[in-house]
Amino acid sequence: MSGDGATARVYALHAVVIALLVALNYILPEYHHGVLARVLVLAIFAMGYNLLFGYVGLLSLGHAMFFAAGLYGAGLPLYHLGWGVVPAFAGGVGAGFLVSLIVGLLALRTSGVAFMIVTMMFAQVFYLVTLYFGAWTRGDEGLVLQQQARQITLGTGTLDLTNPATRYLSAVALFAAALFATLAIVRSRHGRVLVAIRENEERAKMLGYDTFANKLAAVVTSGVICAAAGAAYALLFGYVGSTFASVQYSILPLLWVLLGGAATTLGPLLGTLFMYYVIDITSSYTSAYMLIVGAMLILLVLWFRKGVLGTLRDRWLGWLP
Amino acid sequence: MTALLTTKGLSRHFGGLRAVDNVDFSLEPGEIRAVIGPNGAGKTTFVSLVCGRYAPTSGSIVFDGEDITAMPAHLRVRRGIAYTFQITSVFANLSAYDNVALPVQRTLTDGRSRGAVRQGAMEALERVGLAGRAHEQAGTLAYGHQRLLEVAMGLALRPRLLILDEPTQGLSDGEIENFIALAREIARDATILLIEHNMPVVMALARRISVFNAGRILAEGSPAEIRANAAVQEAYLGTAQEAEA
């Protein structure tokens, strides 16, 4: 592990990133302010994905189900049962915990391509379930959570999550929590074991590690972070729809992470931000924007195989976590 | 003295091949035991059964009075059985330090401070003479150093039984000298099971030798007895001397 100087530098860098995000709240024009809030929540999703894909080397194609578990776990009780914001958020996280625990227990019996397929199939089942119970979820059309339901009463005042600044700062706060949680995990002993499993699972086992238990812990942590992102999405943006459970939302976090740099703590944010704006800008010129996105991805894979931050770390900044 | 490790009727078949066939084996604590035999004799399969990488087809394994036949590999490691791989199997993309920190942090049941891991890891690296290369990436180390790192990882587990699978393969003469000294030092507080093709190393280290051939133990005895055994010469030593010539 790196020395104390490097540790201080790592925490300083992450603190600066958070401070910058907070400062942007007061600077950004309205449109970009809204975009960035959305990007931050999706970046939490990407960070959860990165924990499993980047650090443990498990490629899941089913993470939409964890995001959607959070989305529905928070949105449904708020919409149908009139839960408050805080219990609804806890409900979303709890749903993500349960789904990832069950899926992890079953899917981790496989590895490699089989793991990809099994997770994808589970996610498809989840997606179809959200459509099947259309009476409650209203399927693709989705539910819109009303403004008065998305408020937290604190003593005498209320925190209105539909207010742009509150929404943005809530997203930053949750992003910061997820970022520092990820940072703590990957720098911990457990994190070192996860990387060892990625590098050589057989060897890790022969050092006395229960690799199944470690991988299961990683699937659940990843699932919980993604569910927290889903729950936050429902509460901050007020929309709960089955699009978020579709296969597209399993592939997007993979692309975000690959772009920004797998197994880097800040890569997911960079990748999500970049991709969001590429789609946003190109789609205003042409309806064939996915063509441009595809071309960019091919270029990235050819020249920046390790993503933006992964390449930076290889060439110049070896201390980057 | 009670045996540290015993196997009874231990077998492992791969299809029709009896890789390990009805092996009764016993190892005393504090011993350095060499396992020799021609390629394909079942040596690596045998130790893989002991450390739990393969499940046996039949038979039983007892370690320190406990039946471990059905125990998963990682729990056997925790009981004190360490295996160093025949094919160098260090974590190539991690630093040498991280490679030994992994076994050290697993064995540390007391004290959660980072200092304890650092101290243990540096000690293990020092014992094999790699302390100066702690922050080099393991995959970029010279081959001989990777072999030593592999041994350091085994050592860092503080094993009671250390299984070394062809540790001197690919080492230079000077490195082999150092390895022999290191193995003697390790043997002061651990039992060693050594698979080795290099006869001078075997003769220098082993108190007893087990000769495997076609999945069975062909002979067992002191180095002098094995050297004098006609069947062994025919099965193995003759060809080994030819190979060395």
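These numbers were taken from a predicted model, which means no experiment stands behind them.

Participant: Lay out the overall build of chain A with the relevant residues and their values.
Facilitator: When you go through chain A residue by residue, the secondary structure sums to 14 helices and 4 strands. Relative to the globule expectation of 20 Å for 321 residues, the C-alpha radius of gyration of chain A, 19 Å, shows essentially globular dimensions. Its C-alpha atoms put chain A at 55 × 50 × 45 Å along the principal axes. Every one of the 321 residues in chain A was classed for burial, and the buried ones make up 45%.

Participant: Let's hear about the overall build of chain B: which residues, and what values?
Facilitator: Looking only at helices and strands, chain B features 9 helices and 10 strands. Radius of gyration (C-alpha) of chain B: 18 Å, near the 18 Å computed for a compact globule of 245 residues. Burial analysis of chain B (245 residues in total) assigns 44% to the buried set. When contacts within chain B are restricted to residue pairs at least 6 apart in sequence, those whose partners lie at least 24 apart make up 66%.

Participant: Could you give me a rundown of the pairing of strand 2 (residues 17-27) of chain B, with the residues and numbers involved?
Facilitator: Residues and elements named next belong to chain B. The pairing of strand 1 (residues 5-14) with strand 2 spans 7 bridges and is classified as antiparallel. Residue pairing in the sheet places Thr6 in a bridge with Ser26 of strand 2. The hairpin turn running from strand 1 into strand 2, its antiparallel successor, is 2 residues long, and Gly15 in that turn takes a positive phi close to 60°.

Participant: Just give me the short version of the nonpolar core, but keep the residues and values in it.
Facilitator: Of all hydrophobic cores here, the largest spans 170 residues; its most connected members are Ile44(A), Phe67(A), Ala228(A), Val100(B) and Ala152(B). If one sorts the elements of this core by residue count, helix 2 (residues 30-55) of chain A sits on top with 16 residues. Looking at which domains feed residues into this core, each of domain 1 (1-80 + 159-245) and domain 2 (90-158) of chain B supplies at least three. Residues contacting Ala228(A), with those up to four places away along its chain left out, are Ile44(A), Gly70(A), Val93(A), Leu174(A) and Ala178(A).

Participant: Residue-level account of the domain arrangement of chain B, with values.
Facilitator: When the parts of a complex come together, some accessible area is lost, and that lost area is often used as the size of the interface. Residue and element names in this part refer to chain B. Assigned domains within chain B: domain 1 (1-80 + 159-245) and domain 2 (90-158). Computed over C-alpha atoms only, the centres of domain 1 and domain 2 are separated by 25 Å. The interface is formed by 10 residues belonging to domain 1 together with 9 residues belonging to domain 2. Here the side of domain 1 that touches domain 2 gets 3 residues from one element, more than from any other, and that element is helix 6 (residues 173-186). Across the side of domain 1 that touches domain 2, the residue classes break down as 7 nonpolar, 2 polar and 1 charged.

Participant: Go over the sheet that holds strand 1 of chain B, please, and point to the residues and values.
Facilitator: Backbone-to-backbone hydrogen bonds pair the strands of a sheet. The strands run either parallel or antiparallel. Residue and element names in this part refer to chain B. Ordered in space as 2-1-4-5, the 4 strands form an open sheet in which the pairing is antiparallel. Because the sheet does not close on itself, it has two edges, and the strands there are strand 2 and strand 5 (66-67). As defined by bridge partners, strand 4 (residues 58-63) adjoins strand 5 across 2 bridges and the pair is classed as antiparallel. The partner of Phe63 across the bridge, within strand 5, is Glu66.

Participant: Mind laying out the interface of chain A and chain B, listing which residues take part and the relevant values?
Facilitator: Counting residues at the interface gives 14 residues for chain A, matched by 18 residues for chain B. Looking at the side of chain A that touches chain B, the elements with two or more residues in it are helix 8 (189-199) and helix 9 (201-205) of chain A. Sort the elements by how many residues they give to the side of chain A that touches chain B and helix 8 of chain A lands first, with 6 residues.

Participant: Provide a residue-level description of the sheet that holds strand 7 (residues 161-165) of chain B, including the pertinent values.
Facilitator: All names here are of chain B. Pairing is mixed across the open sheet formed by 6 strands, whose spatial order is 6-7-8-3-9-10. A single partner strand is all that each edge strand has here, and the edge strands are strand 6 (81-84) and strand 10 (216-221). Neighbouring strand axes in the sheet, compared pairwise and without regard to direction, differ in orientation by 20° on average. Relative to strand 8 (residues 191-195), strand 3 (residues 32-36) runs parallel, the two being bridged by 4 bridges. Among the inter-strand pairings, Ala34 is bridged to a residue of strand 8, identified as Leu194. Running over the sheet, helix 1 (residues 43-51) touches strand 3, strand 6, strand 7, strand 8 and strand 9 (208-213) and is turned about 150° from strand 7.

Participant: Mind laying out helix 7 (residues 164-187) of chain A, listing which residues take part and the relevant values?
Facilitator: Residues spaced three or four apart along an α-helix point in a common direction, a consequence of the helix completing one turn every 3.6 residues. Here helix 7 of chain A contains 24 residues, and its C-alpha end-to-end distance of 34 Å stays within 8% of the 34 Å for a straight helix at 1.5 Å per residue. Within helix 7 of chain A the residues assigned to the buried category are Arg167(A), Tyr168(A), Ser170(A), Ala171(A), Val172(A), Leu174(A), Phe175(A), Ala178(A), Leu179(A), Thr182(A) and Val186(A).

Participant: Just give me the short version of the environment of Asn198(B), but keep the residues and values in it.
Facilitator: Residue and element names in this part refer to chain B. Inspection of the secondary structure assignment puts Asn198 in the loop between strand 8 and helix 7 (199-205). In this structure Asn198 comes out as partly exposed when scored by C-beta crowding, with 19 C-beta atoms within 10 Å. Along the primary structure Asn198 and Glu166 are separated by 32 residues, whereas in three dimensions their C-alpha atoms are 8.5 Å apart.

Participant: Run through unusual backbone geometry, naming residues and quoting values.
Facilitator: With phi around 55°, Arg138(A) is a residue other than glycine that occupies positive phi space. Note on placement: Arg138(A) falls in the loop between helix 6 (134-137) and strand 1 (143-144). You can call Arg138(A) partly exposed: it has 17 C-beta atoms within 10 Å. A positive phi is found at Asp64(B), a non-glycine position, where the angle reads about 50°.

Participant: Now, about the UniProt feature "transmembrane region" (unreviewed entry) in chain A: what can you tell me, with residues and values included?
Facilitator: UniProt marks residues 6-27, 39-61, 81-106, 113-135, 168-186, 216-239, 251-279 and 286-304 of chain A with the feature "transmembrane region" (unreviewed entry), using the numbering shown here. Across residues 286-304 of chain A, helical content stands at 79% and strand content at 0%; the span's end C-alpha atoms are separated by 26 Å.

Participant: Please give an account of the environment of Tyr233(A) that cites residues and values.
Facilitator: Residues and elements named next belong to chain A. Take Tyr233: it is sitting in helix 10 (residues 211-237). A C-alpha to C-alpha distance of 9.1 Å links Tyr233 and Phe67, two positions 166 residues apart in sequence. The contact partners of Tyr233, leaving out residues within four places of it in the chain, are Val41 and Leu71.

Participant: Describe the pairing of strand 1 of chain B, naming the residues involved and giving the relevant values.
Facilitator: Summarising the sheet, strand 1 of chain B and strand 4 of chain B pair through 5 bridges and their orientation is antiparallel. Note on strand 4 of chain B: the bridge partner recorded for Thr7(B) is Ile61(B).

Participant: Mind laying out the packing of helix 4 (residues 85-107) of chain A against helix 10 of chain A, listing which residues take part and the relevant values?
Facilitator: Residue and element names in this part refer to chain A. For the pair helix 4 and helix 10, the least separation of the axes is 8 Å and the interaxial angle reads 145°. Remark: the crossing between helix 4 and helix 10 carries right-handed chirality. By residue class, the composition of the contact of helix 4 with helix 10 is 19 nonpolar, 7 polar and no charged.

Participant: Pulling in residues and values, what's your account of the confidence of the model for chain B?
Facilitator: Residues and elements named next belong to chain B. Residue-level pLDDT values for chain B average 88, and 93% of them are 70 or greater. Element-level pLDDT for chain B is lowest in helix 9 (residues 230-244), with a mean of 62, against a maximum mean of 96 in strand 4. Note that residues 240-245 has pLDDT below 50 and, in this model, 2 contacts with residues that lie over four places away or in other chains. ipTM for the predicted complex: 0.85, alongside a pTM of 0.89.

Parameters at a glance
- Note that residues are indexed from 1 along each chain, following the sequence as it is written.
- Chains and ligands are labelled by the order in which they are written, letters from A for the one and numbers from 1 for the other.
- For a predicted model such as this one, the threshold for reporting local features is a pLDDT of at least 70, and the threshold for listing and counting side-chain atom pairs is 80 or more; totals across whole chains, interfaces and linings nevertheless cover every residue.
- Only DSSP runs of H or I with at least four residues qualify as helices, and only runs of E with at least two residues qualify as strands; both kinds are numbered from the N terminus onward.
- Each radius of gyration is computed over the set of C-alpha atoms, and the globule rule expresses the reference value as 2.2 Å times the number of residues to the power 0.38.
- Burial is judged by counting other C-beta atoms within 10 Å of a residue's own C-beta: 20 or more means buried, 12 or fewer means exposed, and anything between counts as partly exposed, with every C-beta placed from the backbone.
- For every residue pair, C-beta atoms are placed from the backbone, and the pair is scored as a contact if these atoms sit within 7 Å.
- The criterion for strand pairing is that DSSP finds at least two bridges linking the strands in question.
- Joining buried Ala, Val, Leu, Ile, Met, Phe, Trp, Tyr and Cys residues through C-beta atoms within 7 Å gives a set, and that set is a nonpolar core.
- What fixes the domain bounds is an automatic or database domain assignment.
- Each residue gets one of three labels, nonpolar for Ala, Val, Leu, Ile, Met, Phe, Trp, Tyr, Cys and Pro, charged for Asp, Glu, Lys and Arg, and polar for the others, Gly among them.
- Interaxial angles span 0 to 180 degrees and are taken between N-to-C directions of axes, which are lines fitted to C-alpha atoms, for helices over the stretch in contact.
- Residue count minus one, scaled by 1.5 Å, sets the expected span of a helix.
- UniProt positions are given in the numbering used here, feature names are shortened, and annotations may be inferred rather than shown by experiment.
- Handedness of a crossing follows from how the near helix is turned relative to the far one, being left-handed for an anticlockwise turn of less than a right angle and right-handed for a clockwise one.
- Per-residue confidence from the predictor is given as pLDDT, running between 0 and 100.

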